[in-house]
Amino acid sequence: MNPSKAKQNESLDFIRKIITEDVKNNKYNRQIMTRFPPEPNGYLHIGHAKSIYLNFGVAEEFNGICNLRYDDTDPEKESMEYVESIQEDVRWLGFDWEDRLYFASDYFEQLYKFAVELIKAGKAYICDLSVEEIKEQRGTSDKPGIESPFRNRSVEENLDLFERMRKGEFKDGSRVLRAKIDMSSPNMLIRDPIMYRIKRVPHYRTGDEWVIYPSYDYTHGQSDAIEGITHSLCSLEFETHRPLYNWYRDQLLSLNMLKYCPEQIEFSRLNLTYTVMSKRRLLELVKKRIVSGWDDPRMPTLSGLRRRGFPPAAIRSFLDKVGISKRENYIDLSLLESCVREELDKKCNRVMAVLRPLKVIIQNYPEGKIEELEAPNHPKDSSMGSRKIPFSRTLYIEQDDFLEDPPRKFYRLSPGREVRLRYAYYIKCVGLVKDETGEIKEVHVTYDPETKGGFAPDGRKVKATLHWVAADQAVRAEARLYDRLFLKENPLEDADFLKTINPQSLDVVTCLGEPSLAGASPGSRYQFERLGYFCVDSVDSSPENLVFNRTITLRDTWSRIKKS
RNA sequence: AGCCCCGUGGUGUAGCGGUUAUCACUUCGGACUCUGAAUCCGAUAACCCCAGUUCGAUUCUGGGCGGGGCUGCCA
């Protein structure tokens, strides 16, 4: 095991334990090989990230390699768009398949040859039954199936028919190639499963070269074997498929058609609270325009999370904490959020911006005067440098930071009270201006020139420090305030999951930011002090129209106190 | 219904014959603070049930019960 990665003091999950044993026993007599096998029929989401991280992670830890292989055996749903987005996402997560980019469709010819051998060995036959008949004759879980009348066709006839299937002599759905296993098996998958079906659908890679396509069960295991995969890691729903995986493999092994003997191991997939994960439902959100696309920042897709501003390192550390097991699980979204905050706290420059501006006029500050005040970019990491922020007579603070009639625990600005403006001065509220509806338009304050930089020479303390921006120098930008997409922990417990959509999952405001924000480049991340982490949108932001996505708020203890 | 899998605090996750049952997140306190952030400290809280094996079972065996998956010419 790679000593730098070996988690010697940590406990290993059951898959790593198995592999550790296999390595110790030199079971494979060669390097460990895994693969990430997406079907290019949708965008990757954080559930896939678990599989990517496991497969690539395990390979790295055991000095092995991990392939990227597309399981593209159903041309009706697959496309190049998905192939490309998947590669971008895997790279973004931090993994590299080097030159090992494979497609099951590249194995079609090989798979066909294997099938011919199985026919010759009397292990597969052409069945002329219709879809309905096959279904009927398969029986039920408590009743054995009926053997197909075509089950005992001669090898010659099967060979001839299979070849003609390939040549396109038969109608779609008129015949299939089935494995001859056991029609009375309690495992329904073993009752002579379909290996090939006729489908006159052009494939996004092989075009119209093929009119017959191999099924998943037949394809996947053989692709593993062809590539030399040692450990074929997949999710729990394939557990009942394992006997079939092994059957194809063992038949071909005994016919000397295979060199390698991969093994399938299943683990439980990731579920997240307040999130739906199935491709079908995500597609529905996109199609019904509930979100702006697969990469909408509220989506659990990797492209959505990326656009939202989640760092890949945060996703990896989240996955570390989630672990690998066979239990059904439902992870708290707050765990992911905590990993995101942890990562962003270390890496982001602090900056000041006001989301809901309230005008402040400093009565004793000279009109027209502008001071440049120094502010560190990170309170705990001086290596991240500092910048200058302009200060002037007219400023904006956050509406939430002023209350005319404050409750007992509120210690921000209110009439007569003194607070600090971050990295600037102490100010004291001396009056306010309201409009005819009674809404506060301006807060009038005085400042103490002695407190420049934010310290009082006489040592007097204030209870609060507020963020602010100078009115005339502020940069206007659009801020998209995102929140969780669903209101229920489990959106699916409602019959219609769309009914649990959070109507306030997106709030768009015009914010005012300090001048250093001008020209912020797409994808760059900041902490807006006291508010949260924001990321320049990679799609809609431009130098003229800055757009910030709120990745996540800061933990907000005050909002809890307020509620209670 | 059949087959397969799983069952440790609220959520994940370690431990696999003898432990004050681990760690993280959450929740609730407190300390500190030029972000009511971060950080630090503390608290609450768990072995599905019943038998059996054993001096001793969370750990082993059997049976229940509970949960999930599969039963597609999807993957």
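A. Broad picture of the overall build of chain A. Tallying secondary structure elements over chain A gives 13 helices and 25 strands in all. What you see for chain A is a C-alpha radius of gyration of 31 Å, clearly larger than the 24 Å of a compact globule of 564 residues, by over 25%. Counting every position in chain A, which comprises 564 residues, the buried fraction comes to 53%. Within chain A, contacts between residues at least 6 apart in sequence are counted, and of these 71% link residues at least 24 apart. For chain A, the computed accessible surface area is about 26100 Å², with 47% contributed by carbon and sulfur atoms. Each charge sign in chain A was given a centre, from 87 positive and 88 negative side chains, and these centres are 3 Å apart.

B. Structural view of the sheet that holds strand β4 (residues 124-127). The four strands are arranged β4-β5-β6-β7 in an open sheet whose pairing can be described as antiparallel. Among the strands making up the open sheet, the edge pair consists of β4 and β7 (212-214). In this sheet, neighbouring strand axes are inclined to one another by 20 degrees on average, regardless of whether the strands run parallel or antiparallel.

C. Seen up close, the sheet that holds strand β3 (residues 101-103). The strand order across the open sheet formed by three strands is β1-β2-β3, and the pairing between neighbours is parallel. The open sheet has two edge strands, β1 (33-36) and β3, and neither has a second partner. In this sheet, neighbouring strand axes are inclined to one another by 35 degrees on average, regardless of whether the strands run parallel or antiparallel. The pairing of β1 with strand β2 (residues 65-70) spans four bridges and is parallel. Among the inter-strand pairings, Thr34 is bridged to a residue of β2, identified as Cys66. Packed on one face of the sheet, helix α2 (residues 46-61) meets β1 and β2 and runs near 160 degrees to β1. Across the sheet, helix α3 (residues 80-93) touches β1, β2 and β3, and the angle it forms with β2 is around 160 degrees.

D. Representation of the state of the cysteines. Throughout the structure, instances matching the rule amount to zero disulfides. The thiol of Cys66 is unpaired, and the distance to the nearest cysteine sulfur, on Cys234, comes to 14 Å. Relative accessible area serves as the criterion here: at 2%, Cys66 is assigned to the buried category. With no disulfide of its own, Cys261 lies 15 Å from the sulfur of Cys234, the closest cysteine sulfur.

E. Looking closely at the pairing of strand β9 (residues 263-267). Counting buried positions along β9 gives four out of five residues, so the element sits mostly inside the fold. Bridge count for strand β8 (residues 231-235) against β9 is five bridges, and the pairing is parallel. The residue of β9 that forms the bridge with His231 is Glu263. At this point the chain moves from β8, through helix α8 (residues 242-254), to the parallel β9, and the crossover so formed is right-handed.

F. Seen up close, the pattern of salt bridges. The tally for this structure, following the rule as stated, stands at 54 salt bridges. Here Lys24 ties to Glu21 by a salt bridge, and the two come within 3.0 Å at their closest N and O atoms. Separated by three residues within a single helix, Lys24 and Glu21 lie in helix α1 (residues 14-24), roughly one turn from each other. Judged by relative accessible area, Glu21 falls into the partly exposed class, the value being 36%.

G. Expanded view of the domain arrangement of chain A. What the domain assignment reports for chain A is domain 1 (14-269), domain 2 (279-349 + 477-563) and domain 3 (353-467). Listed per partner, the contact involves 23 residues of domain 2 and 23 residues of domain 3. Ranking the residues of domain 2 by area buried against domain 3 places Glu529, Arg530 and Trp558 at the top, with a combined share of 33%. On the surface where domain 2 and domain 3 come into contact, there are four salt bridges. Across the salt bridge formed by Arg422 and Glu529, the nearest N and O atoms sit 2.5 Å from each other. Our enumeration of links across domain 2 and domain 3 arrives at seven residue pairs in polar contact (both at pLDDT 80 or more). For the side of domain 2 that touches domain 3, the secondary-structure elements that each account for two or more residues are α12 (333-347), β21 (475-482), β22 (506-513) and α13 (557-563). Examining the composition of the side of domain 2 that touches domain 3, we find that six residues originate from one element, β22, more than from any other.

H. Molecular detail of the side chain of Asp448. Among the structural elements, Asp448 can be located in strand β18 (residues 440-448). On the accessibility criterion, Asp448 (18% relative accessible area) is buried. A distance of 2.9 Å separates a polar atom in the side chain of Asp448 from a polar atom in the side chain of Arg460.

I. Representation of the environment of Asn246. Positionally, Asn246 belongs in helix α8. The class of Asn246 is partly exposed, set by a relative accessible area of 22%. Put simply, Asn246 and Glu263 are 17 residues apart on the chain and 7.9 Å apart in space, counted from C-alpha to C-alpha.

J. Quick peek at the packing of helix α7 (residues 216-227) against α8. Packing of α7 against α8 brings their axes to within 9 Å, and their N-to-C directions diverge by 60 degrees. As far as their axial angle goes, α8 and α7 are oblique. As α7 packs across α8, the resulting crossing turns out to be right-handed. Of the residues in α8, those touching α7 at Asp217, Tyr218, His220, Gly221, Gln222 and Asp224 are Leu244, Tyr245, Tyr248, Arg249 and Leu252. For the contact of α7 with α8, a count of residues per class yields five nonpolar, three polar and three charged.

K. Looking closely at α1. Taken residue by residue, α1 has Ile15, Arg16, Ile19 and Asp22 as its buried positions. The buried residues of α1 occupy an angular sector of 120 degrees when the element is viewed end-on, so they sit on one face. Packing partners of the buried residues in α1 comprise α2, β8 and β9. Looking at where α1 begins, the residue whose side-chain oxygen comes 3.0 Å from the main-chain nitrogen of Ile15 is Asp13.

What counts, and where the lines are drawn
- Residues numbered from 1 in each chain as written.
- Chains lettered and ligands numbered in written order.
- Predicted model: local features only at pLDDT ≥ 70, side-chain atom pairs only at ≥ 80, totals over all residues.
- Heavy atoms only, no water.
- Helix = DSSP H or I, 4+ residues; strand = E, 2+ residues; numbered from the N terminus.
- Rg over C-alpha atoms; globule rule 2.2 N^0.38 Å.
- Buried < 20%, exposed > 50% of the residue type's maximum accessible area, 1.4 Å probe, protein only.
- Contact = heavy atoms within 4.5 Å.
- Areas by Shrake-Rupley, 256 points an atom, 1.4 Å probe, with all protein chains shown as cover.
- Lys, Arg positive; Asp, Glu negative; His and termini not counted.
- Charge placed at Lys NZ, Arg CZ, Asp CG, Glu CD.
- Pairing = 2+ DSSP bridges.
- Axes fitted to C-alpha atoms, helices over the stretch in contact; angles between N-to-C directions.
- Disulfide = S-S within 2.5 Å.
- Right-handed = clockwise from strand over helix to strand, strands pointing away.
- Salt bridge = Lys/Arg side-chain N within 4 Å of Asp/Glu carboxyl O.
- Domains from an automatic or database assignment.
- Buried area = accessible area lost by both parts, 1.4 Å probe.
- Polar contact = N/O pair within 3.5 Å; in protein donor to acceptor, adjacent residues only side chain to side chain.
- Parallel < 35°, antiparallel > 145°, perpendicular 65-115°, else oblique.
- Left-handed = near helix turned anticlockwise from the far one by under 90°.
- Nonpolar A, V, L, I, M, F, W, Y, C, P; charged D, E, K, R; others polar.
- Arc of directions from axis to C-beta.

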